[in-house]
Amino acid sequence: MTGQKTKSHSTPHRPSQGNRDFRNRTKRDGKHSGERQTTPYNAPKPLTGNAAVQPAIILKVGREKSLLRRHPWVFSGAIERVDGAPASGGTLAVRDASENFLAWASYNASSQITARVWSWHEEEAIGVEFFRSRISNALAVRNPQPRRERGDKPFSLRGKGWEGGGGGIEKGGARLIHAESDGLPGLVVDRYGDALVMQIGSAGAERWRDTCADILQDLCNPACIYERSDSDSRELEGLEPRNGVLRGALPENVEVVEHGLRFKVDVVAGQKTGFYLDQRDNRALTETLARDKDVLNCFCYTGGFSLYALRGGAKSVLSIDASGDALRIAAENLATNNLDAARAEWLKADVFQALRKLRDQGRSFDFIILDPPKFAPTAAFAEKAARGYKDINLLGFKLLRPGGLLATYSCSGGISEDMFQKIIAGAALDAGVDAQIVHHLHASADHPVLLSFPEGAYLKGLVLRVGPQGG
Ligand code: SAH
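*Asks:* I keep staring at the overall build of the protein and nothing clicks. Help me out?
*Replies:* For the protein, the helix and strand inventory stands at 12 helices and 20 strands. Within the protein, the fraction of its 471 residues that count as buried is 48%. Across the protein, the fraction of contacts at a sequence separation of at least 24, relative to all contacts at a separation of at least 6, is 67%.

Shown next as structure tokens:
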């Protein structure tokens, strides 16, 4: 139950000034308002619900277990009642059935994930200093250089030492904030050169958008902070799509240099925040596996894996994607990097159909890459997603020559690593091939996974080698 049932012993609504409970609340929230007066940052107003009690979620008996293991989500089904009148995105306490404090969390009555934990510490105030500290920590682990080598701003994007930048420091791409795994549920920040792209996926992060943008502007000194809050998952949170400049001005050309390869990033209309930073290390691995091979890259987007394969000496690379815009940028990227266009073929098609067509034409490849979009955003879609993964992987195995390699990925949060491996095993069996796993793959190190939050490990991949007898 997420309805705002009033606690049986709570006082009725009264004018706030004369209300004792309200005074208690402002006292605690006073930390926030105090910060607002002494800081240049743009912080939201404290909760203004007019209920007589401090907003809190009280869990059903026994439903505190996942929080005690520090999993940061509270599902609607675990909630006994909601006290007070919390605003969407507002901070409230999460308490067990005996009303012991468990966490401070942001509230969203419109989501199945009704609360997302900011902090496990009752003494911690969820205000500007909290966000500054969490953001600084996330930046520090990705930019371990001492401050004097980084220029005037603590984490200036113009400084040296950013991890995950690959080739050019100035133009590096990196995920700077990885949501729950960096202690900031719903907030993703990607760096592309000196532009930052922010993606907000929760009501809580939405409420602190301006604060976080101010902090990032202050700490990183980017030319632009652009908001790409238009992912499908926002719908599940009851949030409207948003897409636009938050700070500064968007440079005309946004580019990342990754292991010396240049990629144009379409921050405004590209997918996710414009580029798939999570595959950086796996793309680099592809380069080492591609020499003299006929490569098929399915779901190629702006040509990431294709360009690495070409630079790695592939004999030919056929790349397929359904998006004409992505393919246009891919062809541009190929030219920018002076790679041999004669070895590259681009095909705008639905991969499910294209694979069947290639099979019917009797085509075969030495190395196939399958990096599809998210088939299962949540576990509820897992079964349908499993059929999709099995289908493309089965076809992939059938198109491989004896001894060939299949690099296959899933970025579905709703499909575990174990489940993914089982799906691939089923596909190999049905295709009639024996296959060995040669690599277990994950997202790059700038996408860390909080141990207590396995959902953070959304990207998993396998490189498989089929037996010399093939299929
Ligand atoms: N491997 C890429 C990222 C792939 S993202 C990289 O390293 O950058 C998934 C891609 O799949 C997107 O470009 C999207 O346009 C494409 N896509 C989604 N559904 C598709 C379909 N049914 N057929 C072909 N492409 C599809």
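After that view of the structure, there is still more to cover.
*Asks:* Sorry if this is basic, but what is going on with the environment of Ser410 here?
*Replies:* With respect to the element layout, Ser410 can be found in strand β18 (residues 400–410). Assessed through the 30 C-beta atoms surrounding it within 10 Å, Ser410 is described here as buried. When the C-alpha atoms of Ser410 and Pro372 are compared, they prove to be 6.8 Å apart, with 38 residues separating the residues in sequence.

*Asks:* Honestly, the sheet that holds strand β10 (residues 224–229) in this entry has me stumped. Any pointers?
*Replies:* One key point about sheets: their strands pair by backbone hydrogen bonds, in either a parallel or an antiparallel sense. Here we have 5 strands laid out as an open sheet, ordered β7-β8-β9-β10-β11, and mixed in their pairing. What marks the edges here is a single partner per strand, and that holds for β7 (173–178) and β11 (242–248). The sheet shows a mean angle of 20° between the axes of neighbouring strands, taken without regard to direction. Across 4 bridges, strand β9 (residues 195–200) lies against β10 in parallel orientation. Paired with Met198 across the strands is Glu227, a residue of β10. Across the face of the sheet, helix α5 (residues 209–220) comes into contact with β8 (187–192), β9, β10 and β11 while running at roughly 160° to β9.

*Asks:* Sorry, what's going on with the site of the ligand here?
*Replies:* Lining the immediate surroundings of the ligand are 20 residues, of which Phe299, Tyr301, Gly304, Ala322 and Asp371 lie closest. Elements that contribute at least two residues to the shell around the ligand include exactly α8 (304–311), β15 (316–321) and α10 (351–360). Tallied by class, residues from the shell around the ligand come to 11 nonpolar, 5 polar and 4 charged.

*Asks:* Help me understand the nonpolar core, please; the structure alone is not making it clear to me.
*Replies:* The nonpolar side chains of a soluble globular protein tend to be buried with one another. Counting residues in hydrophobic clusters, the biggest one holds 123 residues, and the most contacted among them are Val94, Ala105, Ile177, Leu187, Ile368 and Phe397. With 8 residues, helix α11 (residues 382–399) is the largest single contributor of residues to this core. Leaving out residues up to four positions away in the same chain, Ile368 has contacts with Leu296, Gly396, Leu399, Leu400 and Leu406.

*Asks:* Help me understand α11 in this model?
*Replies:* Note that an α-helix has 3.6 residues per turn; residues three or four places apart therefore point the same way. Here α11 is 18 residues long and its end C-alpha atoms lie 26 Å apart, about the 26 Å a rise of 1.5 Å per residue gives. Among the residues of α11, Ala385, Ala386, Tyr389, Ile392, Asn393, Leu394, Leu395, Gly396, Phe397 and Leu399 are the ones counted as buried. Structurally, α11 contributes buried residues whose contacts are with β14 (294–298), α10, β17 (365–370), β18, α12 (417–431) and β20 (460–466).

Quick notes on the rules
Residues numbered from 1 in each chain as written. Predicted model: local features only at pLDDT ≥ 70, side-chain atom pairs only at ≥ 80, totals over all residues. Helix = DSSP H or I, 4+ residues; strand = E, 2+ residues; numbered from the N terminus. Buried ≥ 20, exposed ≤ 12 C-beta atoms within 10 Å, placed from the backbone. Contact = placed C-beta atoms within 7 Å. Pairing = 2+ DSSP bridges. Axes fitted to C-alpha atoms, helices over the stretch in contact; angles between N-to-C directions. Near = placed C-beta within 6 Å. Nonpolar A, V, L, I, M, F, W, Y, C, P; charged D, E, K, R; others polar. Core = buried A, V, L, I, M, F, W, Y, C linked by C-beta atoms within 7 Å. Expected span 1.5 Å × (residues − 1).

Scope: geometric values only; no functional claims are made or implied.
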